[in-house]
Each structure stands twice: as C-alpha cells, then as structure tokens.
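These are the residues of each chain, in order.
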Amino acid sequence: MKILHTMLRVGNLQRAIDFYTQVLGMQLLRTSENPEYKYSLAFVGYEGGNPGQAEIELTYNWGTESYDIGTAYGHIAIAVPDAHAACERIKAVGGQVTREAGPVKGGTTVIAFVTDPDGYKIELIQTKSTTYDGGRQSDTKSTDPLRSA
C-alpha cells in the first residue's frame, strides 16, 4: 500500500493552484471538470507526482466559496533542506508564514508553518541533515522545492 493523494476542498480553484504552484513550488499535474456533478479537480505535487510522490487533489465544488476546516484536520507536511530559506521565499512571493522556522517544542527538528488561501496548514520540516544545533545549521546537498531562484 502507499498514499496516492490527499484531497482538500477549496473555495477558488485558481487561487489554490496559484498558491501550491507559485508559493510552494509544486507542479500542476492534471485537471478535470465534471459539469454533471458540478465540480472541478486539480492535482498538484512534486517531481511529477504519482507514482514517485503523493499528490494533493484540490477539489472545487461549484458555487461553494469556503469550508469549515474543523478541529480534526491537522496539516500537510513537506520536507525542505532549509526551513528558514523556505519561509523567506514564501513570504517574498506573498505566502503567509504562520510559524517562523525554529526547533519544535521539546526537540531539535526545525519546523515552520504556512497557511494556504483556504486556511489549510502546511508544515515545513527541515530535513534531518540540517537540524537545529544551538543556532547553527549544517549544510545540505538536497534540492529544496521551495528554494529561491
């Protein structure tokens, strides 16, 4: 078994696509329309999505502009080599950082949180090779999907 995708209901499909592609650096993988049932789908992800990586399915139910997220939903997590740099890039392109990069409470892993236009939380987790070490960070050779370029 493997995770294929996570579905999020969004109030504006183009706004959601713009956030996930322009702010988080994902690719728009495919879209579909279903006029009979009045919904549109867009799949976004990294590195071409499935089968290599799970995707996010953005679902727009025509005429529904917002949803209550509820108290059960937590967040989507994305690995980044440098959470501080990712936050700076996200802010530079208009994204909302809701928790700046820093060590997780009670641990050393560096995390940050951003919020998408519909209010969903996305956790940025700095890869293990670059954990917080008293204010210093080690370098990494990984590719950061949220890199400044």
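Structure's up top.
Residues numbered from 1 in each chain as written. Predicted model: local features only at pLDDT ≥ 70, side-chain atom pairs only at ≥ 80, totals over all residues. Heavy atoms only, no water.

1. Examining the environment of Asn 34
Here's step 1: Checked against the element boundaries, Asn 34 lands in strand S2 (residues 27-34).
Here's step 2: Separated by 27 residues in the primary sequence, Asn 34 and Asn 61 have C-alpha atoms spaced 9.7 Å apart.
Here's step 3: Non-local contacts of Asn 34, meaning those with residues more than four positions away in its chain, are made with Tyr 39 and Trp 62. (Helix = DSSP H or I, 4+ residues; strand = E, 2+ residues; numbered from the N terminus. Contact = heavy atoms within 4.5 Å.)

2. Some details on the nonpolar core
Here's step 1: The biggest cluster of nonpolar side chains holds 31 residues, and the ones touching the most others in it are Tyr 20, Leu 24, Leu 58, Ile 122 and Leu 124.
Here's step 2: Ranked by residues supplied to this core, first place goes to helix H1 (residues 13-23) with six residues. (Core = buried A, V, L, I, M, F, W, Y, C linked by side-chain atoms within 4.5 Å. Buried < 20%, exposed > 50% of the residue type's maximum accessible area, 1.4 Å probe, protein only.)

3. Some thoughts on the sheet that holds strand S6 (residues 96-103)
Here's step 1: Strands sit in the order S5-S8-S7-S6 across an open sheet of four strands; the sheet is mixed. The open sheet is flanked by strand S5 (76-80) and S6, the only strands paired with a single partner. Each strand axis lies, on average, 20° off the axis of its neighbour in the sheet, ignoring direction.
Here's step 2: Judged from the five bridges that link them, strand S7 (residues 110-115) and strand S8 (residues 121-126) form a sheet pairing that is antiparallel. Opposite Thr 115, over in S8, you have Lys 121 as the bridge partner.
Here's step 3: Those strands touched by helix H2 (residues 83-92) are S5, S6, S7 and S8, and its axis lies near 165° from that of S6. (Pairing = 2+ DSSP bridges. Axes fitted to C-alpha atoms, helices over the stretch in contact; angles between N-to-C directions.)

4. Here's the deal with the environment of Thr 127
Here's step 1: Relative to the assigned elements, Thr 127 resides in the segment after S8.
Here's step 2: Sequence separation between Thr 127 and Thr 109 is 18 residues; the distance between their C-alpha atoms is 8.1 Å.

5. Observations concerning the packing of aromatic side chains
One pair of aromatic rings is described through two measures. These are the centre distance and the angle between the planes.
Here's step 1: The full count for this structure, using the stated rule, is two aromatic pairs.
Here's step 2: Taking the centre distance of 5.3 Å and the plane angle of 75° together, the rings of Tyr 73 and Tyr 120 count as edge-to-face. Here the residue Tyr 73 occupies a position in the loop between strand S4 (55-61) and S5, and Tyr 120 occupies one in the loop between S7 and S8, the gap between them amounting to 47 residues.
Here's step 3: Residue classification places Tyr 73 among the partly exposed positions, given a relative accessible area of 26%.
Here's step 4: Cation over ring: Arg 30 sits above Phe 43, and NZ or CZ is 4.0 Å from the ring centre. (Phe/Tyr/Trp six-rings, centres within 6.5 Å; stacked < 30°, edge-to-face > 60°. Lys NZ or Arg CZ within 6 Å of the ring centre and 35° of its normal.)

Purely spatial values, then, with no claim about function.
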